[in-house]
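Close look at the chain arrangement
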Amino acid sequence: MNESNILTVYISGPNATGQQLVARPCNLRGFWVVPNASSDVNLRFYNVTAAADVAAANLLLGIDVDTNLASSGYDLPGNGIRFDTAIWIRGAATTIQSITAFYQ
């Protein structure tokens, strides 16, 4: 694979348990999130492969998105954030309609 290629993954509604976003080591380059109107979005990106492994020490990125925004995009500077294991994403229950992540 060419290392300059940017890949994408789309998931619908990660909840408080979370789910795997990318199943390998990679750099998170950016993401686009669409919140539900019910409450603010709390996104947490962990460097793990399963919910059982989530701990504060594995948290690499946390961001809160106001529901007053229809959608928000984030471009991470440089080569983004390095996840040496995989990307596991969590959100508060029912606050995320969808997320698209850009990774390399």
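This text follows the structure it describes.
An account of the accompanying structure is given in this report. Keep in mind the model is a prediction, meaning the values are calculated, not measured. (Residues numbered from 1 in each chain as written. Predicted model: local features only at pLDDT ≥ 70, side-chain atom pairs only at ≥ 80, totals over all residues. Heavy atoms only, no water.)

1. Quick look at the packing of aromatic side chains
The condition is simple: Each Phe, Tyr or Trp ring (for Trp, its six-membered ring) is paired with any other whose centre lies within 6.5 Å, and the angle between the two planes then decides the class: stacked below 30 degrees, edge-to-face above 60, tilted in between. To qualify as a helix, a DSSP run of H or I must reach at least 4 residues; to qualify as a strand, a run of E must reach at least 2; elements of each kind are numbered from the N terminus. By definition here, charges over rings are those cases where NZ of Lys or CZ of Arg is within 6 Å of the ring centre and within 35 degrees of the ring normal.
Overall, the coordinates contain 2 aromatic pairs when judged by the stated rule. For the ring pair F31 and F45, a centre distance of 5.0 Å and an interplane angle of 45° mean the geometry is tilted. Here F45 lies in strand 4 (residues 41–46) and F31 lies in strand 3 (residues 26–35), a separation of 14 residues in the sequence. Sitting over the ring of Y46, R90 keeps its end group 5.9 Å from the ring centre.

2. Some remarks on the pairing of strand 4
Taken residue by residue, a regular strand's side chains alternate between the two faces of the sheet. Counted only if it meets this: At least two bridges found by DSSP between two strands are what make those strands a pair.
Note that strand 4 and strand 5 (residues 59–65) share 6 bridges and pair antiparallel. By the bridge assignment for strand 5, Y46 is matched with L59. Direction of pairing for strand 4 relative to strand 8 (residues 87–91): antiparallel, over a ladder of 4 bridges. Bridging across to strand 8, Y46 finds its partner in W88.

3. Examining the nonpolar core
The following threshold applies: Remark: nonpolar core denotes a set of buried residues (Ala, Val, Leu, Ile, Met, Phe, Trp, Tyr, Cys) joined through side-chain atoms within 4.5 Å. With a 1.4 Å probe rolled over the protein chains alone, any residue whose accessible area is under 20% of its type maximum counts as buried; one over 50% counts as exposed, and the rest are partly exposed. Contacts are assigned to residue pairs that have any heavy atoms within 4.5 Å of one another.
In terms of nonpolar packing, the biggest core is built from 22 residues, with L21, L28, F31, L43, F45, I87 and I99 touching the most fellow members. When contributions to this core are tallied by element, the ones reaching two or more residues are strand 1 (7–12), strand 2 (19–22), strand 3, strand 4, strand 5, strand 8 and strand 9 (96–103). Leaving out residues up to four positions away in the same chain, L28 has contacts with F45, L61, L76, N79, G80, I81, F83, I87, A101, F102 and Y103.

4. Here we look at the sheet that holds strand 4
Rule in force here: Here the axes come from fitting lines to C-alpha atoms, over the contacting stretch only for helices, and the angles between their N-to-C directions go from 0 to 180 degrees.
Ordered in space as 2-8-4-5, the 4 strands form an open sheet in which the pairing is antiparallel. In this open sheet, the two strands that pair with only one neighbour each are strand 2 and strand 5. The sheet shows a mean angle of 25° between the axes of neighbouring strands, direction not considered.

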